[in-house]
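If you want the building blocks of each chain, they are given just below.
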Amino acid sequence: MEENKKRDIDELLEKATFAAAIFNQYDQEQTDRIVRAVYKAGLNNRVRLAKMAAEETQMGKWEDKVKKNIVATQYVYENLKNQKTVGIISENEQTGIVEIAQPIGPILAVTPVTNPTSTTLFKILIALKSRNPIIISPHRRAANCSIEAARICYEAALSADAPEDCIQWISHGSREETQYLMQQEKLALILATGGAGLVHEAYSSGTPALGVGAGNVPVFIEKSADIPFAVDQLIRSKTFDNGTICASEQALVVEKEIAGMVKEEMKQQGAYFLNPEETEAVEKVAWSAGSQSMSPDIVGQPVGKIASMAGLHIPEGTTLLVAPLEKIGKEEPLSSEILAPILAFYEAADFDDAIRKCIDLNYHGGIGHTASIFSSDEEKIKKFSIMMNAGRIVVNMPSSQGAVGFMYNTLEPSLTLGCGTYGKNITTDNISARHLLNIQRITRRRMNERMVNLGFDIYFDEAADADKLEKEFNKNY
Amino acid sequence: MNLRTESTGELVVCHLSGRLDTIVSLALEPKIDQITPPVKQMDFDFSEVDYISSSFLRICLKKFKELGEGNFWISSPKPDIKKVFKIAGLEKLVKG
């Protein structure tokens, strides 16, 4: 990398380090004032930023991007506003533990092309709430709208007396520059949202990272489900922003017994079932054999455009393309994650077969992310959930809106969804401000009664085995 | 105001006080810049400083670079302010 580019990045990080130092002096009230100003600015610009994002990326629907901006600002703010994130945040006389929240330091936020402005707004809010400066590295195809979102936030933050340079961005930066920044000692954390390669780079950089994993969300409409309701929720979710959310449903599994009814309902709600030739044609435009992943050309595209790319004639009012499939895995490209209004469809012999298919789908590129079920049978919901390897199992709700939290459940609103160790992440949580704090614990003397009563002499007697020690340790307890 | 100076030969002690926010820093910078040779050493007495902004941090760094290590220092900062310099990676500017 050229020396002048390195110098620019070094300077950016030095400014962020200074901002971190200054931020450390702020109390809760000052911090909350900044967060409030920034959230309001983001919310006030929700439509303009959404239109910019749709225009620049040529993905999704601006109306749905408005909704994502609302999640990222209003809902996130409502969740954060009463949280203590500065100084002493809890005191427990009984345990003798006092918790102190400390900021972690400069954060690098890598933001995606699929949710550019919402992810930028979201990451800025959680960073500021935890008194951390943030540097935005936007996806190159969404640089203008992401930087505009960051600029609006920065202006609002300064108006509320935030530290200078608490929000910065890499203008038209290259992957190389982002990589260089990731490796710098002064950087505290990387919030990485993007493709697998990028997340891997973040984790390999030596800097702590909170990344996300890829999704390949199975949705199981179990036979006790309210079918018209389930289909309505599924289609709303899968077609939201033309399918750009990584928690959106990728494959529907139904038991044979109700498959006909589900299909009929789906057709009534605008789904178009592809025949084998049409499935092959869609596969050709939706899948990139070279990269062995979805083709960027169809991500977030309207169903009509995808159909015409594949040379299909579909009825007016079609909401979704549905590909009936049998195999799951590499040999069946459409069983993978496709962030577009294309859904795989599987018929299962019975409940156990349905679960087996969902396990295969879940483990085929979506491990740790999200799984969805529609059912009225509590036992089956639990069985399905235990069998899935997913940070979120959403029940009787649209998956894409359910996984991001707040609207359909009490999960924390977030645009960064942890996928656990199997998704190569450190947590399965919906990432929020609390993940951007170092919690210090003051601990006061609280002697362990059993240890004091037993004393240590008994341990010097080699004849005292583990069973005896356990019994004595817990005597009269 | 936020600045009172005291000169002894080649050393000038700048007694700073209060909140050195962005606006105050902008006002102070030209006054500090006016302190020119024969001054060779500068001591920023921080004992009365309650808050420091990025702008003032930059003024400190500028003076440190101009005068060189050993000739510019910040003395007696309150613990909160000492921590600011530590986090900023500028602990070499602080004496004590």
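What follows concerns the overall build of chain B. When its secondary structure is counted, chain B shows three helices and five strands. Secondary structure elements of chain B occur, N-terminal to C-terminal, as β-β-α-β-α-β-α-β. On C-alpha atoms alone, chain B measures out to a radius of gyration of 12 Å, which is about the 12 Å that the 2.2 N^0.38 rule sets for 96 residues. Sorting the 96 residues of chain B into buried and exposed places 29% on the buried side. For chain B, restricting intrachain contacts to residue pairs at least 6 apart in sequence, the fraction spanning at least 24 positions comes to 69%.

A few words now on unusual backbone geometry. For Gln292 of chain A, which is not a glycine, the phi torsion comes out positive at approximately 55 degrees. Mapped onto the elements, Gln292 of chain A comes out in the loop between strand S11 (287–288) and strand S12 (293–294).

We now examine the sheet that holds strand S1 (residues 87–92) of chain A. Residues and elements named next belong to chain A. What the three strands build is an open sheet, ordered S1-S2-S17; its pairing is antiparallel. The open sheet has two free edges, formed respectively by S1 and strand S17 (437–443), since each of these has just one partner strand. Pairwise comparison of adjacent strand axes, ignoring direction, gives a mean angle of 25 degrees for this sheet. Here strand S2 (residues 97–103) runs beside S17; their pairing, made up of seven bridges, is antiparallel. Paired with Val98 across the strands is Ile442, a residue of S17.

What follows covers the packing of helix H3 (residues 46–57) of chain A against helix H6 (residues 143–159) of chain A. All names here are of chain A. At a minimum axis distance of 8 Å, the contact between H3 and H6 shows a crossing angle of 160 degrees. Accordingly, the angle class assigned to the pair H3 and H6 is roughly antiparallel. Along this stretch, H3 crosses H6, giving a crossing that reads as left-handed. Of H6, the residues touching H3 (which contributes Leu49, Met52, Ala53 and Glu56) are Asn144, Cys145, Glu148 and Ala149.

Our next topic: the domain arrangement of chain A. How big an interface is tends to be expressed through the accessible area that disappears when the partners come together. Residue and element names in this part refer to chain A. Under the domain assignment, chain A is made up of domain 1 (3–212 + 431–438) and domain 2 (217–412). Between the C-alpha centres of domain 1 and domain 2 the distance comes to 31 Å. In this assembly, 12 residues from domain 1 lie in contact with 10 residues from domain 2. Residues that form the side of domain 1 that touches domain 2 fall into these classes: three nonpolar, five polar and four charged.

A few words now on the interface of chain B and chain A. On the side of chain A, 12 residues touch chain B, which itself brings 12 residues to the contact. Broken down by secondary-structure element, the contributors of at least two residues to the side of chain B that touches chain A are helix H2 (54–67) and helix H3 (79–87) of chain B. The residue makeup of the side of chain B that touches chain A, split by class, is five nonpolar, five polar and two charged.

So, about helix H7 (residues 175–182) of chain A. Residue and element names in this part refer to chain A. Those residues of H7 lying buried are Thr178, Leu181 and Met182. Around the axis of H7, the buried residues are gathered within 105 degrees of arc, so they sit on the same side. Turning to H7, the residues buried within the fold contact helix H1 (3–23), strand S3 (107–111), strand S4 (134–138), strand S6 (189–192) and helix H8 (196–204).

Structurally, Ser47 of chain B is set in strand S3 (residues 41–52). Sequence separation between Ser47 of chain B and Ala27 of chain B is 20 residues; the distance between their C-alpha atoms is 20 Å.

Let us now look at the packing of helix H5 (residues 116–129) of chain A against H6 of chain A. Residues and elements named next belong to chain A. Between H5 and H6, the shortest axis-to-axis distance is 8 Å and the interhelical angle comes to 30 degrees. By the angle class used here, H5 and H6 are roughly parallel. Handedness of the H5/H6 crossing: right-handed. Residues Pro116, Thr117, Thr120, Leu121, Ile124 and Leu128 of H5 form the contact with H6, whose participating residues are Cys145, Ser146, Ala149, Ala150, Cys153 and Ala157. Looking at the contact of H5 with H6, its residues break down into nine nonpolar, three polar and no charged.

The rules we used
- Residues numbered from 1 in each chain as written.
- Chains lettered and ligands numbered in written order.
- Predicted model: local features only at pLDDT ≥ 70, side-chain atom pairs only at ≥ 80, totals over all residues.
- Helix = DSSP H or I, 4+ residues; strand = E, 2+ residues; numbered from the N terminus.
- Rg over C-alpha atoms; globule rule 2.2 N^0.38 Å.
- Buried ≥ 20, exposed ≤ 12 C-beta atoms within 10 Å, placed from the backbone.
- Contact = placed C-beta atoms within 7 Å.
- Pairing = 2+ DSSP bridges.
- Axes fitted to C-alpha atoms, helices over the stretch in contact; angles between N-to-C directions.
- Parallel < 35°, antiparallel > 145°, perpendicular 65-115°, else oblique.
- Left-handed = near helix turned anticlockwise from the far one by under 90°.
- Domains from an automatic or database assignment.
- Nonpolar A, V, L, I, M, F, W, Y, C, P; charged D, E, K, R; others polar.
- Arc of directions from axis to C-beta.

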